[in-house]
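# Analysis of the macromolecular model
Now for the letters of each chain:
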Amino acid sequence: LGPGESVGVIGVGTLGSIGVLLARLFAARPVVAYGIRAEELAFAERLGADHVVDVENIDAEEETLRLTGGGLDVVVETAGAVPAVELATRIVRPGGRVILLGISGEGKELQLPADWIVLRDIELIGSVSYTSAVWGRMMRLVEGADLRRIIEAEGSRFVRPKAIASLASFSATT
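Residues numbered from 1 in each chain as written. Predicted model: local features only at pLDDT ≥ 70, side-chain atom pairs only at ≥ 80, totals over all residues. Heavy atoms only, no water.

### Brief notes about the nonpolar core
The test is simple: Grouping buried Ala, Val, Leu, Ile, Met, Phe, Trp, Tyr and Cys residues that are joined through side-chain atoms within 4.5 Å yields what is termed a nonpolar core. For each residue, the accessible area found with a 1.4 Å probe, counting protein chains only, is set against the maximum for its type, and the residue is called buried under 20%, exposed over 50%, and partly exposed in between. Only runs of H or I of at least four residues qualify as helices and only runs of E of at least two qualify as strands under DSSP, and these elements are numbered from the N terminus. Whether two residues are in contact is decided by their heavy atoms: any pair within 4.5 Å suffices.
Counting residues in hydrophobic clusters, the biggest one holds 17 residues, and the most contacted among them are Ile10, Tyr34, Val75 and Ile91. For this core, the elements supplying multiple residues, two or more each, are strand 2 (31-35), helix 3 (60-68), strand 4 (72-77), helix 4 (82-91) and strand 5 (92-100). Element by element, the count of residues in this core is highest for helix 4, at five residues. Setting aside anything within four residues of it in sequence, one finds Val75 in contact with Gly8, Ile10, Ala88, Ile91, Val92, Arg97, Val98 and Ile99.

### A look at helix 3
Stated formally: The arc in question is traced by the directions running from the helix axis to the C-beta atoms. Pairs of N or O atoms within 3.5 Å make up the polar contacts considered here, provided that, within protein, one atom can donate a hydrogen while the other can accept it, and that residues adjacent in sequence are counted only when both atoms are side-chain atoms.
Turning to helix 3, its buried residues are Ala60, Glu63, Thr64 and Leu67. Burial along helix 3 is one-sided: seen end-on, the buried residues are contained in an arc of 100 degrees. Exposed side chains of helix 3 directed beyond 90 degrees from the buried face belong to Glu62 and Arg66. Those residues of helix 3 that are buried are in contact with strand 2, strand 3 (51-54), strand 4 and helix 4. Where helix 3 begins, the side chain of Asp59 points an oxygen toward the backbone nitrogen of Glu61, at a separation of 3.1 Å.

### Observations concerning the pattern of salt bridges
As a reminder, the rule being used: Between Lys or Arg on one side and Asp or Glu on the other, a salt bridge is scored when a side-chain nitrogen of the former is within 4 Å of a carboxyl oxygen of the latter.
On inspection of all chains with the given rule, the structure shows six salt bridges. Between Asp50 and Arg29 there is a salt bridge, and its shortest N-O distance comes to 3.5 Å. Within this pair, whereas Asp50 is found in the loop between helix 2 (38-47) and strand 3, its partner Arg29 is found in the loop between helix 1 (14-25) and strand 2, the two being separated by 21 residues in sequence. Take Arg29: its relative accessible area is 48%, and that puts it in the partly exposed class. A salt bridge links Glu63 to Arg66, with the shortest nitrogen-to-oxygen separation between them at 2.7 Å. Of the two residues, Glu63 and Arg66 are both situated in helix 3; the distance of three residues between them amounts to about one turn of the helix.

### Some points on the packing of helix 3 against helix 4
For clarity, the cut-off: Geometry is summarised by axes, namely lines fitted to C-alpha atoms with helices restricted to the contacting stretch, and by angles between N-to-C directions that run from 0 to 180 degrees. By definition, any crossing whose near helix is turned counterclockwise from its far helix by less than a right angle is left-handed, and any crossing with a clockwise turn is right-handed. All amino acids are sorted into three groups, where Ala, Val, Leu, Ile, Met, Phe, Trp, Tyr, Cys and Pro are nonpolar, Asp, Glu, Lys and Arg are charged, and the leftover types, Gly among them, are polar.
Two elements in contact, helix 3 and helix 4, have axes separated by 10 Å at closest approach and are oriented at 35 degrees. For the crossing formed where helix 3 meets helix 4, the hand is right-handed. Within the contact between the two elements, helix 3 uses Ala60, Glu61 and Thr64 and helix 4 uses Leu87, Arg90 and Ile91. Looking at the contact of helix 3 with helix 4, its residues break down into three nonpolar, one polar and two charged.

### Observations concerning the pairing of strand 1 (residues 7-10)
The test is simple: At least two bridges found by DSSP between two strands is the condition for calling them paired. The handedness of a crossover follows from its direction of travel: if, with the strands pointing away from the viewer, the path from the first strand over the helix to the second runs clockwise, the crossover is right-handed.
Of the two faces of strand 1, the one lined by Val7 and Val9 and the one lined by Gly8 and Ile10 are each fully buried. When strand 1 meets strand 2, the two strands line up parallel, connected through four bridges. Across the sheet, residue Ile10 finds its bridge partner in strand 2, namely Tyr34. The parallel pair strand 1 and strand 2 is bridged by helix 1, and the resulting crossover is right-handed.

### Examining a nonpolar patch on the surface
Applied cut-off: Like charges within 9 Å and nonpolar side chains (Val, Leu, Ile, Met, Phe, Trp, Tyr) within 5 Å are joined into patches, using only residues over 30% in relative accessible area that form no salt bridge. Here the Shrake-Rupley method, with its probe set to 1.4 Å, supplies the accessible areas, and only the displayed protein chains count as covering residues.
Taken together, the side chains of Leu1, Leu25 and Phe26 make up a nonpolar region of the molecular surface, amounting to roughly 240 Å² of accessible area. Mapping Leu1 onto the fold places it in the segment before strand 1. According to the relative accessible area criterion, Leu1 is partly exposed, its value standing at 46%.

Function cannot be read off these values alone, since they describe shape.
Spelled out as C-alpha coordinates, the structure:
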(Lines give C-alpha, C1' and ligand atoms only; values in the text may rest on other atoms or scores of the structure.)
Protein backbone atom coordinates (compact mmCIF):
# COMPACT_ATOMS: atom_id res chain seq x y z
CA LEU A 1 0.00 0.00 0.00
CA GLY A 2 1.39 3.35 -0.94
CA PRO A 3 0.56 6.98 -0.21
CA GLY A 4 -2.30 8.26 -2.31
CA GLU A 5 -3.73 4.85 -3.16
CA SER A 6 -7.47 4.57 -2.62
CA VAL A 7 -8.56 1.88 -0.16
CA GLY A 8 -11.89 0.25 0.62
CA VAL A 9 -12.47 -1.78 3.76
CA ILE A 10 -15.54 -4.03 3.77
CA GLY A 11 -16.63 -4.84 7.32
CA VAL A 12 -15.50 -2.77 10.29
CA GLY A 13 -15.00 -5.39 12.98
CA THR A 14 -11.61 -6.01 14.55
CA LEU A 15 -9.71 -6.67 11.31
CA GLY A 16 -11.57 -3.95 9.42
CA SER A 17 -10.82 -1.44 12.18
CA ILE A 18 -7.14 -2.23 11.94
CA GLY A 19 -7.44 -2.01 8.16
CA VAL A 20 -8.86 1.51 8.35
CA LEU A 21 -6.09 2.57 10.75
CA LEU A 22 -3.34 1.05 8.59
CA ALA A 23 -4.74 2.65 5.43
CA ARG A 24 -4.72 6.02 7.19
CA LEU A 25 -1.21 5.37 8.56
CA PHE A 26 0.06 4.71 5.02
CA ALA A 27 -1.58 7.94 3.77
CA ALA A 28 -4.17 6.22 1.59
CA ARG A 29 -6.70 8.61 0.04
CA PRO A 30 -9.56 8.16 0.13
CA VAL A 31 -10.29 5.46 2.67
CA VAL A 32 -13.84 4.17 2.20
CA ALA A 33 -15.49 1.86 4.73
CA TYR A 34 -18.42 -0.37 3.78
CA GLY A 35 -20.81 -1.97 6.24
CA ILE A 36 -24.37 -2.78 7.18
CA ARG A 37 -24.71 -1.26 10.66
CA ALA A 38 -24.80 2.43 11.45
CA GLU A 39 -22.60 1.97 14.54
CA GLU A 40 -19.79 0.25 12.62
CA LEU A 41 -19.88 2.97 9.96
CA ALA A 42 -19.78 5.72 12.59
CA PHE A 43 -16.85 3.89 14.21
CA ALA A 44 -15.03 3.77 10.86
CA GLU A 45 -15.42 7.54 10.55
CA ARG A 46 -13.96 8.00 14.05
CA LEU A 47 -11.02 5.81 12.99
CA GLY A 48 -10.35 8.05 10.01
CA ALA A 49 -12.38 6.75 7.07
CA ASP A 50 -12.97 9.57 4.58
CA HIS A 51 -16.30 8.08 3.49
CA VAL A 52 -18.66 5.36 4.67
CA VAL A 53 -21.14 3.40 2.58
CA ASP A 54 -24.15 1.60 4.04
CA VAL A 55 -24.33 -1.31 1.60
CA GLU A 56 -27.91 -2.14 2.53
CA ASN A 57 -29.25 1.31 1.67
CA ILE A 58 -26.90 2.64 -1.03
CA ASP A 59 -25.73 1.14 -4.31
CA ALA A 60 -22.12 0.57 -3.25
CA GLU A 61 -20.80 0.22 -6.80
CA GLU A 62 -22.36 3.49 -7.93
CA GLU A 63 -21.23 5.31 -4.79
CA THR A 64 -17.67 4.00 -5.17
CA LEU A 65 -17.52 5.24 -8.76
CA ARG A 66 -18.86 8.61 -7.62
CA LEU A 67 -16.25 8.87 -4.84
CA THR A 68 -13.25 7.58 -6.79
CA GLY A 69 -14.02 8.14 -10.44
CA GLY A 70 -13.09 4.58 -11.40
CA GLY A 71 -12.89 2.17 -8.48
CA LEU A 72 -10.52 1.58 -5.60
CA ASP A 73 -6.84 0.66 -5.89
CA VAL A 74 -7.09 -1.78 -2.96
CA VAL A 75 -10.12 -3.43 -1.36
CA VAL A 76 -9.77 -5.34 1.92
CA GLU A 77 -12.68 -7.68 2.66
CA THR A 78 -12.97 -8.59 6.35
CA ALA A 79 -16.72 -9.19 6.69
CA GLY A 80 -16.64 -12.91 6.01
CA ALA A 81 -19.74 -12.98 3.82
CA VAL A 82 -20.16 -14.03 0.20
CA PRO A 83 -21.87 -10.74 -0.78
CA ALA A 84 -18.86 -8.87 0.69
CA VAL A 85 -16.44 -10.85 -1.48
CA GLU A 86 -18.60 -10.21 -4.55
CA LEU A 87 -18.74 -6.51 -3.71
CA ALA A 88 -14.94 -6.38 -3.33
CA THR A 89 -14.50 -7.61 -6.90
CA ARG A 90 -16.96 -5.02 -8.23
CA ILE A 91 -15.59 -1.90 -6.51
CA VAL A 92 -11.90 -2.46 -7.20
CA ARG A 93 -10.55 -0.65 -10.26
CA PRO A 94 -9.23 -2.60 -13.23
CA GLY A 95 -5.66 -3.59 -12.30
CA GLY A 96 -6.41 -3.18 -8.59
CA ARG A 97 -5.93 -5.55 -5.65
CA VAL A 98 -8.52 -7.41 -3.59
CA ILE A 99 -7.43 -8.85 -0.23
CA LEU A 100 -9.77 -11.45 1.26
CA LEU A 101 -9.44 -11.95 5.02
CA GLY A 102 -13.01 -12.83 6.06
CA ILE A 103 -14.19 -16.42 6.36
CA SER A 104 -17.62 -16.99 4.78
CA GLY A 105 -18.11 -20.50 6.13
CA GLU A 106 -18.02 -24.05 4.86
CA GLY A 107 -20.18 -24.74 1.85
CA LYS A 108 -20.64 -21.09 0.87
CA GLU A 109 -20.08 -20.50 -2.82
CA LEU A 110 -18.96 -17.42 -4.67
CA GLN A 111 -20.47 -16.83 -8.09
CA LEU A 112 -18.71 -14.50 -10.49
CA PRO A 113 -18.53 -14.36 -14.27
CA ALA A 114 -15.74 -16.79 -15.24
CA ASP A 115 -13.51 -14.11 -16.82
CA TRP A 116 -14.27 -11.26 -14.39
CA ILE A 117 -10.96 -11.39 -12.48
CA VAL A 118 -8.80 -11.98 -15.57
CA LEU A 119 -10.38 -9.43 -17.90
CA ARG A 120 -10.24 -6.74 -15.23
CA ASP A 121 -6.66 -7.72 -14.31
CA ILE A 122 -7.56 -7.95 -10.62
CA GLU A 123 -4.91 -9.24 -8.24
CA LEU A 124 -6.66 -11.48 -5.70
CA ILE A 125 -4.92 -12.18 -2.38
CA GLY A 126 -6.34 -14.43 0.33
CA SER A 127 -5.11 -15.24 3.80
CA VAL A 128 -6.61 -17.36 6.53
CA SER A 129 -3.79 -17.34 9.02
CA TYR A 130 -0.65 -15.59 10.07
CA THR A 131 2.44 -16.44 12.04
CA SER A 132 3.38 -14.74 15.28
CA ALA A 133 6.16 -13.00 13.30
CA VAL A 134 3.58 -11.51 10.91
CA TRP A 135 1.38 -10.42 13.86
CA GLY A 136 4.43 -8.79 15.50
CA ARG A 137 5.27 -6.97 12.27
CA MET A 138 1.68 -5.75 11.95
CA MET A 139 1.74 -4.52 15.55
CA ARG A 140 4.97 -2.61 14.85
CA LEU A 141 3.30 -1.05 11.80
CA VAL A 142 0.45 0.29 13.90
CA GLU A 143 2.74 1.70 16.59
CA GLY A 144 2.14 5.14 15.14
CA ALA A 145 -1.63 4.67 15.09
CA ASP A 146 -3.85 5.65 17.98
CA LEU A 147 -5.15 2.24 19.05
CA ARG A 148 -7.13 3.74 21.90
CA ARG A 149 -10.02 4.33 19.50
CA ILE A 150 -10.33 0.58 18.99
CA ILE A 151 -9.59 -0.33 22.60
CA GLU A 152 -12.16 2.16 23.90
CA ALA A 153 -14.81 0.56 21.69
CA GLU A 154 -14.65 -2.54 23.91
CA GLY A 155 -18.40 -2.37 24.51
CA SER A 156 -19.05 -2.49 20.79
CA ARG A 157 -20.62 -5.66 19.47
CA PHE A 158 -18.42 -5.65 16.38
CA VAL A 159 -15.01 -5.63 18.05
CA ARG A 160 -13.99 -8.95 19.61
CA PRO A 161 -12.86 -8.98 23.26
CA LYS A 162 -9.78 -11.18 22.55
CA ALA A 163 -8.55 -8.72 19.95
CA ILE A 164 -9.13 -5.85 22.39
CA ALA A 165 -7.01 -7.62 25.02
CA SER A 166 -4.23 -8.17 22.48
CA LEU A 167 -4.31 -4.56 21.32
CA ALA A 168 -4.49 -3.26 24.88
CA SER A 169 -1.48 -5.31 25.98
CA PHE A 170 0.45 -4.14 22.90
CA SER A 171 -0.48 -0.50 23.59
CA ALA A 172 0.61 -0.84 27.21
CA THR A 173 4.09 -1.92 26.13
CA THR A 174 4.62 0.90 23.60
